[in-house]
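Letter by letter, the chains look like this.
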Amino acid sequence: MSRPREKRETGEQDLFRSRLDQIINMKHALVRLAQAIDWPVLEERFGAVYSDGPGMPPLPTRLMAGLAILKHTFNLSDEVLCERWVENPYFQYLTGETFFCHTLPFDRSSMTRWRSRMGEERIVALLQESLSIAVKTGAMKPADTRQVIVDTTVQPKNVMFPTDAKRKGLHLRQSYVRVGKLALISHQRYAHAKQFKRANKALRRLKTYLGRTIRDISRQIAGDAGLDALFKWPLYQAATVLEQRQRQRGRKIYSLHAHEVECIGKGKAHMPYEFGVKVSVATTLKRSKGGQFALHAKALPGNPYDGHTLASVIPDMEKTIGNEIDRILADAGYRGHNAPQSHKFRVFTAGQKRRVTPAIKRQMRRRSAVESVIGHIKSEHRMGRNYLAGQQGDALNAILAAAGYNFSLLLRWLKDFLSLLIALLQLRPKSVAA
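Keep in mind it's a predicted model, so treat the numbers as computed, not measured.

Caption draft 1: Expanded view of the pattern of salt bridges. Scanning the model with the defined rule gives 13 salt bridges in all. Between Asp 306 and Lys 266 there is a salt bridge; the shortest N-O distance is 3.8 Å. Separated by 40 residues along the polypeptide, Asp 306 in the loop between β4 (294-300) and α11 (310-321) and Lys 266 in the loop between β2 (262-264) and β3 (274-284) bring together distant segments of the chain. Residue Asp 306 is classed as buried on the basis of its relative accessible area, which comes to 10%. The partly exposed category is assigned to Lys 266, whose relative accessible area is 30%. With a closest N to O distance of 2.9 Å, Arg 346 and Glu 324 form a salt bridge. Taken together, the residues Arg 346 in the loop between β5 (327-330) and β6 (347-349) and Glu 324 in the loop between α11 and β5 connect sequence positions 22 residues apart. Glu 324 gets classed as partly exposed once you look at its relative accessible area, which sits at 40%.

Caption draft 2: Expanded view of the confidence of the model for the protein chain. Confidence in the prediction for the protein chain averages 87 pLDDT; 92% of positions are at 70 or higher. The secondary structure element of the protein chain with the lowest average pLDDT is helix α14 (residues 390-427), at 83, and the one with the highest is β4, at 94.

Caption draft 3: Fine view of the packing of helix α8 (residues 177-192) against helix α9 (residues 196-221). Remark: α8 packs on α9, axes separated minimally by 8 Å, with the N-to-C direction vectors making an angle of 155 degrees. Relative to α9, the element α8 is oriented roughly antiparallel. Classified by chirality, the crossing of α9 by α8 is left-handed. Within the contact between the two elements, α8 uses Val 179, Gly 180, Ala 183, Leu 184, Ser 186, His 187, Tyr 190 and Ala 191 and α9 uses Phe 196, Arg 198, Ala 199, Ala 202, Leu 203, Arg 205, Leu 206 and Tyr 209.

Caption draft 4: Structural context of the packing of α9 against helix α10 (residues 225-243). Packing of α9 against α10 leaves a shortest axis separation of 11 Å and a crossing angle of 160 degrees. In terms of orientation, α9 and α10 fall into the roughly antiparallel class. As for the relative orientation of α9 and α10, their crossing is left-handed in sense. Contacts from Lys 207, Leu 210, Gly 211, Ile 214, Ile 217, Ser 218 and Ile 221 in α9 reach Leu 227, Asp 228, Phe 231, Leu 235, Ala 238, Ala 239, Val 241 and Leu 242 in α10.

Caption draft 5: A look at the nonpolar core. Within the largest apolar cluster, 94 residues are counted, with the highest numbers of intra-cluster contacts made by Trp 114, Leu 126 and Ile 377. Ranked by the residues each element gives to this core, the list is headed by α14, at 15 residues. When sequence neighbours within four positions are dropped, the list of residues in contact with Leu 126 reads Leu 42, Phe 46, Ala 65, Ala 68, Ile 69, Leu 400, Ala 403 and Phe 407. Core analysis: the second largest hydrophobic core is formed by seven residues, Ile 214, Phe 231, Leu 235 and Ala 238 among them.

Caption draft 6: Main features of the packing of aromatic side chains. Counted by the stated rule, this structure contains six aromatic pairs. Ring centres of Phe 74 and Phe 91 lie 5.4 Å apart, and the angle between their planes is 40 degrees; on these two criteria the pair is classed as tilted. Of this pair, Phe 74 sits in the loop between α4 (61-73) and α5 (78-87) while Phe 91 sits in helix α6 (residues 89-94), and the two are 17 residues apart along the sequence. Judged by relative accessible area, Phe 74 falls into the partly exposed class, the value being 29%. What makes Phe 91 buried here is its relative accessible area of 1%.

Caption draft 7: Structural view of the state of the cysteines. Evaluation of the coordinates by the stated rule reveals zero disulfides. Looking at the unpaired Cys 82, the closest cysteine sulfur is the one in Cys 101, lying at 13 Å. Judged by relative accessible area, Cys 101 falls into the buried class, the value being 16%.

Caption draft 8: A look at the environment of Ala 29. Within the element layout of this structure, Ala 29 appears in helix α2 (residues 29-36). Measuring from C-alpha to C-alpha, the distance between Ala 29 and Tyr 90 comes to 9.3 Å, with 61 residues separating the pair along the chain.

Caption draft 9: Looking closely at the side chain of His 381. Topologically, His 381 is positioned in the loop between α13 (369-380) and α14. Within the structure, the side chain of His 381 is placed 3.5 Å from the backbone oxygen of Thr 73, a separation counted as a polar contact. Residues contacting His 381, with those up to four places away along its chain left out, are His 72, Thr 73, Asn 75, His 376, Ala 401, Gly 404, Tyr 405 and Ser 408.

Each value, and the rule that gives it
Residues numbered from 1 in each chain as written. Predicted model: local features only at pLDDT ≥ 70, side-chain atom pairs only at ≥ 80, totals over all residues. Heavy atoms only, no water. Salt bridge = Lys/Arg side-chain N within 4 Å of Asp/Glu carboxyl O. Helix = DSSP H or I, 4+ residues; strand = E, 2+ residues; numbered from the N terminus. Buried < 20%, exposed > 50% of the residue type's maximum accessible area, 1.4 Å probe, protein only. pLDDT = per-residue confidence, 0-100. Axes fitted to C-alpha atoms, helices over the stretch in contact; angles between N-to-C directions. Parallel < 35°, antiparallel > 145°, perpendicular 65-115°, else oblique. Left-handed = near helix turned anticlockwise from the far one by under 90°. Contact = heavy atoms within 4.5 Å. Core = buried A, V, L, I, M, F, W, Y, C linked by side-chain atoms within 4.5 Å. Phe/Tyr/Trp six-rings, centres within 6.5 Å; stacked < 30°, edge-to-face > 60°. Disulfide = S-S within 2.5 Å. Polar contact = N/O pair within 3.5 Å; in protein donor to acceptor, adjacent residues only side chain to side chain.

As C-alpha cells, this is what we get:
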C-alpha cells in the first residue's frame, strides 16, 4: 500500500469558496488545539505502517487522527461523528480541511479500517500527544508525571443477543424460538428476584432445548462434509456453553460473537459482575493546572490479579510518558505486587505500614483521585461501553478514551486561558494621549 498524501497549508484561494480560516473564529478552543497538535510527528508515527508501492493512496493522517480525537473527546459514534463533521466547520478545520466541505470525503468504514491498521502500539501516540500539548501549553508540568496513582476498572463490552441466524437448508424438529425466549425471560426475572430454585429450573429447561437442537443438527449433517465444516464451530460453541458450569476453572464463553469477553467481579453492590475486560488507568498524584490528566491506559485480558499487572504496566507507562516514575500509589488490591526490581520499593499500597513516612501518608489521601478520572473516562469518553470488535478493539478503545479525556481537559484549559488573557488585556490601563 502506498503512503497517504498528507495535507499541507498552502494559502490556496478559491474564487467561489471562502477559506475556513476566514469564516470561523480563530480564537475558538478547537482551532487553538489544532494549532497546538504536532501533526508532522503523528504523520511520522502513523505513516510507519505504510510503504511506497502501487495502489490508491490512503486518506491523510491528519484527517483520520483528527476524527479519532473528535470521536472520543465528544463521545460520538462513527455515524454521528460523520453527520457532525459535515455541518461543523471547526471539526473540518481540526482535520485539515482548507475549504468547507458539504459532503464526506471518506467512508464511515474507513475509520474502522484505520484503527485496525494502526493497532495498539501506534494509537498510543495520540495519548502521548495529549500529554505533550498539556506540557507545552502550561496545563501540566513535566514533574507532575513522576508521582502517579494506579488503579484498575472494567471496560464493559457491548454484548448483544445474537440475531444473525441464517437458513442453511436444515429443517429442525422444533426451533424453540418461542418457548426458548419465554424460558430465558423467566430465568432472568427469577434470578433478579433472587428466586434461585425457579431460576435454576428455567435454566435447566433452556439447556434441555439446547441439547435437543445440537443432537438434531448433528444427525442431519452426518455424512455431509460441506455442512459438517459449516456447523463445526457453532456446534463447538453450543457444546461448550452446554457443558460449562458456574464455578469451573478456566475460560468460559459468555458471548457467541465476542469470545474475548470475561466475567469480572469488582464487589459493586449495584453491579456484582461486569462483562468485558480489565483496564489499568494511571493519573498524576498532584492535580495539574489544567486538571487531573490520565497518563496511561492499558487493557489487561485474562482478568489478572491487580498486583500482578505492574510488571507490564510500569515499563509501558514509562515508555508512554517518557520519564522514570519515582512513586506509585495504589489501593489494597495491589498487595503482593510483582513490580520490576528497580521499582519494588517505589510502590505504596493502602494500609501499608513499612516504609510509609508522614509525607507519604499524606499523599495516600490523594489516592482516590483516580476514581473520578475513571468515572469521567467511562461516562463521557466511551469506556463505559466498548463497541469496537475483538481483543484489539478492547485495547484501542481504552487508549483512545484516555486520550479523549485529556483532549477535553485541554479544550477547557485553552478556552479558560484565552478568556483570562482577554480579561487581563481589558484591565490594562490605557495610555493617555499627550
